[in-house]
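What the coordinates show
Single-letter residue listing:
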Amino acid sequence: MPDHQISDPQRFTRNDTITIAKGIGIILVVISHSGLPLPLNRFIFVFHMPLFFVVAGYCFKTAYCNAPLKFARRRAKGLWWPFVKWNFVFILLHNTLYAMGIYDTAYDIHSHLTAIVQAVLMIKQEPMLAGFWFLAGLFFASLISWVILWATGCDIKKVSVWMAAMMICVILLNMFLYDNRIVMRLSGFIHFAIYFLTGFVLKGIHDRYKSTRKRLIATLILCLILTGAVSVYFPGAIFSLFTWQVPLRFVGSVAGVIGVLILSAHIPDGRVRRFLIFCGESTILILVWHFLAFKILTYTLINAYGLPHEYLLEYPVHMELAQYYWIAYAAIGLFIPLGIQVTYNFLKNKFLHLGEKD
């Protein structure tokens, strides 16, 4: 095939490509929690959470720069409300899960009230919703990013300068004020905002960018090398206490994200594409239920091998079991939530259909 320019108009746009990228991202989240071998886990951790921050920034509409209340309402509906709603559900279930041996402490009235307040303020999530730190992080990072985008008039060059200043700020905070929890939480939100703004900048670059097939392949190879190198020499999660390594981690993370976006844009029509789109549309539900799905497998293995019931307390999986069953953990952590989503969609459509008949 000749080396012609790729002219697919859907490439890197807010449609199936972004949804597929989110689908790949949430699958990697489940796999990263399943206890897979350490080298693979380190590789995934370089970019799987930055992916969601970058994609959010990529989808930011410049019209929001002059509509702060509209943007805040949208973020609240998409991030704050799911965080609060599902935490309320698991706060109500907390003592039931304790009675089942999944939690090691029960809630009294004071603990229930404290958990509710913490959920409303997005300070803390229930243990079974540990992955919800991401919703809180993205919510506050979005608000910080909006301030930067408003102040710069959404000018890419000015945004890039702010990103560099923010990165220096994160490095200094992590170096000198690492023992202050409030400061470190703020540092985390600023760090997340850098990735959000990166998505906005990438979109602006892509709108002017035309590539050939050979260049895309070369870019994918380069992304793989950079991400792999960071996973070997600077391993850790996005919220780890990085100092001078922040810029290097940033390069590896963004390289991984770009690689996922390129792959997402070129997955052909078929079952794989439809499956990834479905996963991308079900990210919240997968995030909600995959830990509890892990517990089902752990409970099954405990009974099958006559293991101590205390194994059920370990999060997110029991690592001794996971070294043999991580693929099973990943599968059940993905397909049980998707099954719940399919059931919900079926019942919803059925009741809507009945409503239309009436």
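These lines cover the structure that appears in this document, whether it is placed above or below. Computed from a predicted model, the values in this text were never measured in an experiment.

Cut-offs and rules
Numbering of residues begins from 1 in every chain and follows the order in which that chain's sequence is written. Local features in a predicted model are, by the rule used here, given only for residues with pLDDT of at least 70; side-chain atom pairs are given and counted only at 80 or more, and totals for whole chains, interfaces and linings are based on all residues. With hydrogens and water set aside, each side-chain value is computed from the structure's full complement of heavy atoms. Put simply, a disulfide is two cysteine sulfurs that come within 2.5 Å. Secondary structure follows DSSP: runs of H or I at least 4 residues long count as helices, runs of E at least 2 residues long count as strands, and numbering of each begins at the N terminus. Remark: exposure states derive from per-residue accessible area (1.4 Å probe, protein chains only) relative to the maximum for the residue type, with buried under 20%, exposed over 50%, and partly exposed in between. Only heavy atoms enter the contact rule, under which two residues are in contact if any of them lie within 4.5 Å. The patch calculation keeps residues exceeding 30% relative accessible area without a salt bridge and links them within 9 Å when they carry like charges or within 5 Å when they are nonpolar (Val, Leu, Ile, Met, Phe, Trp, Tyr). The protein chains shown are the only cover counted for residues, whose accessible areas, like all others here, come from Shrake-Rupley with a 1.4 Å probe. When a carboxyl oxygen of Asp or Glu lies within 4 Å of a side-chain nitrogen of Lys or Arg, that pair is called a salt bridge. Under the convention used here, Asp and Glu are negative, Lys and Arg are positive, and both His and the chain ends fall outside the count. Here the site of a charge means NZ on Lys, CZ on Arg, CG on Asp, or CD on Glu.

Here the structure, examined in full by the defined rule, presents 1 disulfide. The partner cysteine of C65 in its disulfide is C154, sulfur to sulfur 2.3 Å. Within this pair, whereas C65 is found in the loop between α2 (38-58) and α3 (68-99), its partner C154 is found in the loop between α5 (133-152) and α6 (156-176), the two being separated by 89 residues in sequence. For the residue pair C65 and C154, the accessibility class agrees, reading buried in each case. With no disulfide partner, C223 has as its closest neighbouring cysteine sulfur the one in C59, 19 Å distant.

Let us now look at the environment of F351. Within the secondary structure, F351 sits in helix α12 (residues 319-357). Residue F351 is classed as exposed on the basis of its relative accessible area, which comes to 60%.

Further remarks concern the side chain of H290. Note on placement: H290 falls in helix α11 (residues 283-305). For H290, a relative accessible area of 1% translates into the label buried. If we skip the residues at most four places from it in the chain, H290 touches V30, H33, G333 and P337.

On the surface, a cluster of positive charge is made up of K61, K70, R73, R74 and K77. Of note, R73 is situated in helix α3. With a relative accessible area of 56%, R73 lands in the exposed category.

Tallied over the full model, the rule gives 2 salt bridges. R273 is the partner of D16 in a salt bridge, and the nearest nitrogen-oxygen pair spans 3.7 Å. With D16 in helix α1 (residues 16-32) and R273 in helix α10 (residues 271-281), this residue pair connects regions lying 257 residues apart in the sequence. Residue D16 is classed as partly exposed on the basis of its relative accessible area, which comes to 30%.

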